[in-house]
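Structural overview
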Amino acid sequence: MIDLRSDTVTEPSQEMRAAMASAPVGDDVIDVDPTVARLQEHTAEMLGKEAAMYMPSGSMTNQVAVRLHCKPGDEFICESGCHIYNYEQGAFAQLSQTIPRMIDGPGHVMHLEQLVDKIRPNDEHAVQTRLLCLENTHNKGGGIVLPYEGVAEMCEWAHKNGLTTHLDGARLFNAVVASGKSAADWAQHFDTVSICFSKGLGAPVGSALVGNQSHMAQMRRHRKLFGGGMRQSGIIAAGALYALTNNIDRLADDHQTAQIIADQIAKTDGLEIDTKNVHTNIVIFKVGSGLGTAADFCAAAKDEGAWMFPFSAEHVRAVTHLHITQEDAQAAGKIISRTAEKLSAVTSA
Ligand SMILES: Cc1ncc(COP(=O)(O)O)c(C=O)c1O
């Protein structure tokens, strides 16, 4: 089975497991875990920020950021397809009593012109707009890398207008490899950045929220409040450190395998894809109505040996990662084409 459901399905290598097994540890709640401390220092340094805090998941780092930047009743601006709004159970409302102001970015890319009139007036009838959240790479956008100048422009506008800025950079390192801009280049525009170690980087657990020293005491309180205080977490932090040291450059391989799959899809009747929008390791394609729903397509492709998730009624998502070789990608592309042919034969029979 070629598992293209997500880049979170990877298992740690023997070398990563060895690093985890030998990691020095301590109680990171009552004291400091030395491996967690090393990971946090290294992460902050890579992003050009003062400090970082290790947490169990990307959802938690995003939600701690929302809590950090906003008070109950505050509003944050985000793109309507973003993870924070769509895939975190509305935690911004459940946990922090905040509301999102969603903007439909064309192809999930917001532009400055769309933001300029979106800050609420200072009026007792209105919520207060506090925060701008961006996502890079953008998952629902098919792993697209946001235009660098556009990001810089939007963040500059936000800061000038008294907003803070947060980046959901669950796949920031895919953007780094695809854009040639460093993590610090991207991060400089944001007050806080969330990165995930458990996606393309291939570590088993964890994310970090990166920001300035002044954020740390509050971040630590919110992490504990949301249940993210961990004890001998150096065991898992060692996997994340290993991933940061060894697994960034190889993300280029995942971008190549995604392109192989996308190119094959582009040649297949009944499927639609714009290969120019495949920037990184995520491939989203549309299943023509003649072939049934995206769920039908995924079920049929799984029977042939390629496992993908439906991403809407008519879209399928395939994600490449460190277990997918070029041969796997070629085979997956052929399975996808064969599935389309079979479904087309069934529906036209
Ligand atoms: C863009 C983005 N942000 C945040 C998350 C949340 O990460 P986690 O699953 O670790 O909570 C994900 C997970 O897929 C994601 O794709």
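For the structure given in this document, a descriptive report is provided here.

Side note on the nonpolar core
- Residues Cys 133, Leu 209, Val 210 and Ala 240 are the most contacted members of the largest nonpolar core, which totals 71 residues.
- Examining the composition of this core, we find that 9 residues originate from one element, helix H11 (residues 234-246), more than from any other.
- Apart from the residues within four sequence positions on either side, Leu 209 is in contact with Ala 52, Met 53, Met 55, Thr 61, Val 64, Ala 65, Thr 192, Ser 194 and Met 219.
- Residues Ala 258, Ile 265, Cys 298 and Ile 335 belong to the second largest nonpolar core, which totals 33 residues.

Here's the deal with the site of the ligand
- Residues in close proximity to the ligand include Ser 57, Gly 58, Ser 59, Asn 62, His 83, Glu 135, Asn 139, Asp 168, Ala 170, Cys 196, Ser 198 and Ser 207, which together make up its full environment.
- Here the shell around the ligand gets 3 residues from one element, more than from any other, and that element is helix H3 (residues 58-69).
- Across the shell around the ligand, the residue classes break down as 2 nonpolar, 8 polar and 2 charged.

Comments concerning the sheet that holds strand S12 (residues 309-310)
- Taken together, the 4 strands give an open sheet; going across it, the order is S9-S10-S13-S12, and neighbouring strands pair in antiparallel fashion. The strands lining the two open edges of the sheet, one partner per strand, are strand S9 (271-272) and S12.
- Where strand S10 (residues 282-287) lies against strand S13 (residues 315-319), 5 bridges are found, and the strand directions are antiparallel. Within the sheet, the bridge partner assigned to Lys 286 lies in S13 and is His 315.
- The sheet strands contacting helix H12 (residues 251-266) are S9, S10 and S13, and the helix crosses S10 at an angle near 15°.

Reading the values: rules and limits
Once a new chain begins, its residue numbering starts again from 1 and follows that chain's sequence as written. Where totals are concerned, whole chains, interfaces and linings use all residues; where local detail is concerned, this predicted model gives features only for residues with pLDDT of at least 70, and gives and counts side-chain atom pairs only at 80 or more. Nonpolar core, as used here: buried Ala, Val, Leu, Ile, Met, Phe, Trp, Tyr and Cys residues forming one set through C-beta atoms within 7 Å. Partly exposed residues are those whose C-beta has more than 12 but fewer than 20 other C-beta atoms within 10 Å; with 20 or more the residue is buried, with 12 or fewer it is exposed, and the C-beta atoms are placed from the backbone. Secondary structure elements follow DSSP: runs of H or I of four or more residues count as helices, runs of E of two or more count as strands, with numbering from the N terminus. What counts as a contact here is a pair of residues whose C-beta atoms, placed from the backbone, lie within 7 Å. We call a residue near a molecule or strand when the C-beta position, derived from backbone atoms, sits within 6 Å of it. Asp, Glu, Lys and Arg are counted as charged, while Ala, Val, Leu, Ile, Met, Phe, Trp, Tyr, Cys and Pro are counted as nonpolar; the rest, among them Gly, fall into the polar class. If DSSP finds at least two bridges between two strands, the strands pair. Axes, fitted as lines to C-alpha atoms, cover a helix only where it is in contact. Angles between the N-to-C directions of the axes lie from 0 to 180 degrees.

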